[in-house]
Amino acid sequence: MKKVKELYEGKAKKVWTTEDPEVLIVDYKDDATAGNGAKKGTIHDKGIINNRVTNHLMKILEKEGIPTHLIEEISDRETVVKKVSIVPLEVIVRNIAAGSLANRLGLEEGTPLGKTVLEYCYKDDALGDPMVNEYHIMAMDWCTKEELDLIAEYSLKINKILSAYLKDLNIELIDFKLEYGRLSDGTIVLADEISPDTCRFWDSVTKEKLDKDRFRRDMGGEEDAYKEVMKRLLGE
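Rules of the game
- Residues numbered from 1 in each chain as written.
- Predicted model: local features only at pLDDT ≥ 70, side-chain atom pairs only at ≥ 80, totals over all residues.
- Heavy atoms only, no water.
- Helix = DSSP H or I, 4+ residues; strand = E, 2+ residues; numbered from the N terminus.
- Rg over C-alpha atoms; globule rule 2.2 N^0.38 Å.
- Buried < 20%, exposed > 50% of the residue type's maximum accessible area, 1.4 Å probe, protein only.
- Contact = heavy atoms within 4.5 Å.
- Areas by Shrake-Rupley, 256 points an atom, 1.4 Å probe, with all protein chains shown as cover.
- Lys, Arg positive; Asp, Glu negative; His and termini not counted.
- Charge placed at Lys NZ, Arg CZ, Asp CG, Glu CD.
- Axes fitted to C-alpha atoms, helices over the stretch in contact; angles between N-to-C directions.
- Left-handed = near helix turned anticlockwise from the far one by under 90°.
- Nonpolar A, V, L, I, M, F, W, Y, C, P; charged D, E, K, R; others polar.
- Polar contact = N/O pair within 3.5 Å; in protein donor to acceptor, adjacent residues only side chain to side chain.
- Pairing = 2+ DSSP bridges.
- Salt bridge = Lys/Arg side-chain N within 4 Å of Asp/Glu carboxyl O.

Here the focus is the overall build of the protein chain. Counting its secondary structure elements, the protein chain contains six helices and 14 strands. Relative to a compact globule of 236 residues, whose C-alpha radius of gyration would be 18 Å, the protein chain shows 17 Å and is just as compact. Along the longest, intermediate and shortest principal axes, the C-alpha atoms of the protein chain span 50 × 45 × 35 Å. Split into buried and exposed, the 236 residues of the protein chain put 48% on the buried side. A fraction of 55% describes how many contacts in the protein chain between residues 6 or more apart in sequence connect residues 24 or more apart. Total accessible area computed for the protein chain in this model is approximately 11,400 Å², and 50% of it derives from carbon and sulfur atoms. Across the protein chain, 36 positive and 46 negative side-chain charges occur, with their mean positions spaced 2 Å apart.

Structural data, given as structure tokens:
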């Protein structure tokens, strides 16, 4: 499979068309952003780590019955995926209070939640990805009620699968962001990525942050944190 034309360049990835109109190639970059692009930088080998970690986790999810856009990894930075029409929602799955949730509710970061929380944000950088609820989603016709129910079901199942898997690697899954898309036949599949860019990973023992919060908060050590995640997941 070969790249034909650059279709899109985002904050973390480039997307290329191929000879097959239903197939794309995603090329992961080392660029790092935070605050909807307000802060910019580079994390060495981030693209390689996010590509390989994402594909590893998506393969695990596929085996557990979660459909994804993944076809095959063709290089350290490039993956062949099914073309999807993205549902314009970010699904945030939260197990432990951190980040914006801790700030909004006045909770100490690290406070366990009594129940897994699902939040939805409208994907629009210019608007700052505002939080929305089911009523907004239905009113704006971003997806159907049946699709949203399926997205919620998948998201909670993904949380259960990944939380258990990561726990065995001494990684606590604090919260994470998911995106979904529709194939040409309307099937809803998991898309985008699952990586230290889109998840809060904490060491289960030390509570050390192993994710993009190190970049967001100027903590330093983000390269080592990303590499540690890949080492624990892939053994390298």
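Picking up where we left off.
Moving on, we come to the packing of helix H1 (residues 46-63) against helix H6 (residues 222-234). At a closest axis distance of 10 Å, the pairing of H1 and H6 adopts a crossing angle of 30 degrees. By crossing handedness, the relation of H1 to H6 is classed as left-handed. On H6, the residues that touch Lys46, Ile49, Asn50, Arg52, Val53, His56 and Leu57 of H1 are Tyr226, Lys227, Val229, Met230, Leu233 and Leu234. Residues that form the contact of H1 with H6 fall into these classes: eight nonpolar, two polar and three charged.

What follows covers the environment of Arg216. Secondary-structure assignment places Arg216 in helix H5 (residues 213-216). Discounting residues that sit within four places of it in the chain, Arg216 has contacts with Ala34, Lys39, Asp197 and Arg200. In this structure the side chain of Arg216 is engaged in a polar contact, spanning 2.6 Å, whose partner is the side chain of Asp213.

Glancing now at the sheet that holds strand S7 (residues 78-82). Read from one edge of the open sheet, five strands run S1-S2-S3-S7-S6, paired in antiparallel fashion. Bordering the open sheet on either side are strand S1 (6-9) and strand S6 (70-73), each of which pairs with just one other strand. The sheet shows a mean angle of 25 degrees between the axes of neighbouring strands, direction not considered. Where H1 meets the sheet, it contacts strand S3 (23-28), S6 and S7, and its direction lies at approximately 130 degrees from that of S6.

Here we take up unusual backbone geometry. In this model, Asp45 sits at a positive phi of 65 degrees, which is unusual for a non-glycine residue. The residue Asp45 is located in the loop between strand S5 (39-42) and H1 in this model. A relative accessible area of 23% places Asp45 in the partly exposed class. Positive phi outside glycine occurs at Asp141, with the angle close to 60 degrees. Following the sequence through the fold, Asp141 ends up in the loop between helix H3 (134-140) and helix H4 (145-167). Asp141 gets classed as exposed once you look at its relative accessible area, which sits at 61%.

Throughout the structure, instances matching the rule amount to 31 salt bridges. For Lys13, the salt bridge identified is with Asp192, shortest N-O distance 3.1 Å. One end of the pair, Lys13, is in strand S2 (residues 13-17); the other, Asp192, is in the loop between strand S13 (188-191) and strand S14 (199-203), and 179 residues separate them in sequence. Each member of the pair Lys13 and Asp192 is classed as buried. The network of salt bridges with shared partners includes Arg94, Arg104, Glu109, Glu119, Asp175, Arg200, Lys209, Asp213, Arg216 and Arg217.

For the rest of this paragraph, the subject is the pairing of S2. When S1 meets S2, the two strands line up antiparallel, connected through three bridges. Across the sheet, the residue bridging to Tyr8 is Val15, located in S2. Pairing between S2 and S3: five bridges, direction antiparallel. Across the sheet, residue Lys13 finds its bridge partner in S3, namely Tyr28. Between S2 and the antiparallel strand that follows it, S3, lie five residues.

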